[in-house]
Amino acid sequence: MFKTLRFRLTAVFSILIILAIVAVDTIVIKSYEDSKIEAEEVKLFTFANIVSDIYKGNIQDEINLMLQLKEYSQNLNSRILVLNEDREVFADSYNEFKGRKLDGAEVESAMNLKPLSNIYRLEGKPVLQLAIPVSENAGSEYRPIGAVLISSSLEGVYREMGSLKWTVASVSIGIIALSMVLIFFVSGTISRPIFNLTRASAKIRRGRYGEIVNIKRKDEIGRLIETFNEMSKTLYVVESNRKKFISDVSHELKTPLASIKALIESLTLYENNDVGIYRECLKDINTELDRLSNLVKSLLTTVRFGEEKIVPRKENLKDIVGEVVKLMSPYAAKNNVKLVNNTEADCMVSCDRDKIKEVLINLIDNGIKYGDDNKPSKCVEVGLDIDRKVFALNVRDNGKGMDENEIPYVFENFYRIDRARDGNIRGFGLGLSIVRYILDKHSWTISVRSQAGEGSVFSIYGTTL
């Protein structure tokens, strides 16, 4: 395939170069030919006007006129005829047509006071023939009293043109041959990356995401390859995340489904018709169904956040924090957690108000859920620090905290720290992944500092207006 593409490119570019060279050669040769013939015409018209003046001055001296015609004829290597007003040859430099009456387009035009020239082929040889009028002043207008007719061979001009054509053709053939060799090598530099891109695209189409084209260039093709490699890497990450997400969802769904199945099997195998046992099993089934329903709602929330667009407006971050703290205070009090709002300064930012409220609700909810019951008081604080055009929104708790090795994974889908998997704390590990997604859409960042048994601090960083 690479060789085929290379030969196709070579053929296409070669044809284009050949057509261009042929077109240029044709224009150059034609322009040169026209300029040579035009120069010959100018020269003959100049001598024709001189002969016209000689004729008018020597109408009565035919011998002197003939002598001068022969001299000019030899200098021009042309035949010169002078016609009188009756279109009869008055003088002929070759002294053959004297007294003969001539007709022709050039003679007719000259008798109408209009010079004219044409090119003919006589016995296969090119001849330039022209005629100018010989006139005299007849009052208010001029009248023709004769004409000067000159015939000159163009063999020298066409011989020179033939030599030029051969030279141009030889040079052009050499240029075409050299160009084809260069094109063959250059086409390899073009076709190879295209071929590699095509092959890599085919692999991606078959599901082999992450395929990279290892060609370094600084031209448009190089930028295309860089864009392709970035796209391939992105597809690989997306596909990996998709597979991991499906695996995590399957794992999370498997637990409640397995519990429900086990409870139903227990009911079908239980021989004693004790209503209390049935009721207890059905209660457990209902609990697992609630868990399954909450998981589905969480998944739908994740999908919804992936589809919804961020609509940023000018907002005061202090007001947003105040609303969220007011909303979450009853829930915090119910769980014996003191929720404190330490934001005092106004902070104008560009954000989607509802989405940032969702972020704060998730962070405060985590601080409440993971509170440490062994401590005399549980507390969640929300504070705001501003340094010039950068703000830091901190959500701090004195809860259970996390081990250092768990911190890098807290923003991944379905990740829950080990202490949350004992069944006492409900959740599916999607809240913080939603938080990070929303903040990424705002071009804000989030970091976490935590120590087991000491609590955690989630810090959101962004720019103010």
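Residues numbered from 1 in each chain as written. Predicted model: local features only at pLDDT ≥ 70, side-chain atom pairs only at ≥ 80, totals over all residues. Heavy atoms only, no water.

Participant: Looking at this structure, I do not really get the sheet that holds strand β3 (residues 116-122). What am I missing?
Facilitator: The strands making up a sheet associate through backbone hydrogen bonding, with each pair oriented either parallel or antiparallel. Spatially, β2-β1-β5-β4-β3 is the arrangement adopted by the five strands of the open sheet, whose pairing is antiparallel. In this open sheet, the two strands that pair with only one neighbour each are β2 (89-92) and β3. Neighbour to neighbour, the strand axes of the sheet diverge by 25 degrees on average, direction disregarded. Relative to strand β5 (residues 141-153), strand β4 (residues 125-138) runs antiparallel, the two being bridged by twelve bridges. Note that in β5 the partner of N137 across the bridge is Y142. Its contacts with the sheet place helix α2 (residues 62-76) against β1 (78-84), β2 and β5, and it is angled at close to 150 degrees to β1. (Pairing = 2+ DSSP bridges. Helix = DSSP H or I, 4+ residues; strand = E, 2+ residues; numbered from the N terminus. Axes fitted to C-alpha atoms, helices over the stretch in contact; angles between N-to-C directions. Contact = heavy atoms within 4.5 Å.)

Participant: Explain the pairing of strand β8 (residues 348-351) to me, please; I cannot follow it from the model alone.
Facilitator: A regular strand places its side chains so that they alternate between the two faces of the sheet. Burial along β8 is one-sided: V349 and C351 are buried, and none of M348 and S350, which face the opposite way, are. As paired strands, strand β6 (residues 313-316) and β8 are joined by four bridges and run antiparallel to one another. Across the sheet, the residue bridging to R313 is C351, located in β8. (Buried < 20%, exposed > 50% of the residue type's maximum accessible area, 1.4 Å probe, protein only.)

Participant: What am I meant to see in the environment of T198 here?
Facilitator: Positionally, T198 belongs in helix α4 (residues 155-205). With a relative accessible area of 35%, T198 lands in the partly exposed category.

Participant: Explanation requested: the environment of Y236 in the structure shown.
Facilitator: Structurally, Y236 is set in helix α5 (residues 220-269). Once the C-alpha coordinates of Y236 and R208 are considered, the two residues, 28 residues apart in sequence, prove to be 8.2 Å apart. Setting aside residues up to four positions removed in sequence, Y236 forms contacts with Y209 and G210.

Participant: Could you clarify how one ought to interpret the nonpolar core in this entry?
Facilitator: For soluble globular proteins, the rule of thumb is that nonpolar side chains tend to be buried together. Counting 38 residues, the largest nonpolar core has L317, L363, I364, F391, L393 and I460 as the members making the most contacts within it. If one sorts the elements of this core by residue count, helix α7 (residues 317-334) sits on top with seven residues. Filtering out sequence-adjacent residues up to four positions away, I364 remains in contact with V324, M328, L339, V380, V382 and V395. Core analysis: the next-biggest nonpolar cluster, separate from the first, contains 26 residues, V51, L65, L69 and I80 among them. (Core = buried A, V, L, I, M, F, W, Y, C linked by side-chain atoms within 4.5 Å.)

Participant: Looking at this structure, I do not really get the sheet that holds strand β11 (residues 445-451). What am I missing?
Facilitator: Read across the sheet, five strands follow the order β7-β9-β10-β12-β11 without closing on themselves; strand pairing throughout is mixed. The open sheet terminates on both sides in strands that have one partner only, identified here as β7 (337-341) and β11. Direction aside, the axes of adjacent strands within the sheet are offset by 15 degrees on average. Across the face of the sheet, α7 comes into contact with β7, β9 (378-387) and β10 (390-397) while running at roughly 170 degrees to β7.

Participant: Got a minute to help me understand the environment of T463 in this structure?
Facilitator: Within the secondary structure layout, T463 lies in strand β12 (residues 455-463). Along the chain, T463 and R388 lie 75 residues apart, while their C-alpha atoms are 9.0 Å from each other. With residues up to four places along the chain from it excluded, the contact list for T463 reads V349, K389, F391 and W444.

Participant: I would appreciate a short explanation of the pattern of salt bridges in the present structure.
Facilitator: Between side chains of opposite charge, a pair can form when the charged atoms approach closely. In this structure the tally under the stated criterion is 17 salt bridges. Close ionic contact of R208 with E211 constitutes a salt bridge, the shortest N to O distance being 3.8 Å. For R208, a relative accessible area of 46% translates into the label partly exposed. Ionic pairing is found between R353 and E315, a salt bridge with its closest N-O pair at 2.6 Å. Of this pair, R353 sits in helix α8 (residues 353-369) while E315 is found in strand β6, placing the two residues 38 residues apart along the sequence. A relative accessible area of 22% places R353 in the partly exposed class. Ionic contacts of the salt-bridge type, sharing partners, join the residues E315, E323, R353 and K357 into one network. (Salt bridge = Lys/Arg side-chain N within 4 Å of Asp/Glu carboxyl O.)

Participant: What should I look at first to understand the side chain of N58 in this one?
Facilitator: With respect to the helices and strands, the residue N58 is situated in the loop between α1 (2-57) and α2. Polar contacts involving the side chain of N58 include one to the side chain of N64, which spans 2.7 Å. Residue contacts for N58: discarding those within four places in its chain leaves N64, L65 and Q68. (Polar contact = N/O pair within 3.5 Å; in protein donor to acceptor, adjacent residues only side chain to side chain.)

Participant: For this particular structure, what's the right way to read the packing of α7 against α8?
Facilitator: In a packed pair of helices, the relevant descriptors are the angle between the two axes and the axis-to-axis distance. Running from amino to carboxyl end, α7 crosses α8 at an angle of 40 degrees, the nearest separation of the two axes being 10 Å. Judged on the interaxial angle alone, α8 and α7 are oblique. For the element pair α7 and α8, the recorded crossing hand is right-handed. Residues L317, D319, I320, V321, E323, V324, L327, M328, Y331 and A332 of α7 pack against R353, I356, K357, L360, I361, I364, D365, I368 and K369 of α8. Of the residues that constitute the contact of α7 with α8, the class distribution is 13 nonpolar, no polar and six charged. (Parallel < 35°, antiparallel > 145°, perpendicular 65-115°, else oblique. Left-handed = near helix turned anticlockwise from the far one by under 90°. Nonpolar A, V, L, I, M, F, W, Y, C, P; charged D, E, K, R; others polar.)

Participant: Is there a simple way to think about the side chain of S232 in this case?
Facilitator: With respect to the helices and strands, S232 occurs in helix α5. Taking relative accessible area as the criterion, S232 reaches 0% and is therefore assigned buried. In terms of polar contacts, S232 uses its side chain to reach the backbone amide nitrogen of G210, at 3.1 Å. The contact partners of S232, leaving out residues within four places of it in the chain, are I204, Y209, G210 and E211.

Participant: Explanation requested: the state of the cysteines in the structure shown.
Facilitator: Each disulfide is one covalent bond, formed between the sulfur atoms of two cysteines. Tallying each qualifying case throughout the model produces zero disulfides. The cysteine C351 is free of any disulfide, with C347 supplying the nearest cysteine sulfur at 9.3 Å. When its relative accessible area of 0% is taken as the criterion, C351 is described as buried. (Disulfide = S-S within 2.5 Å.)

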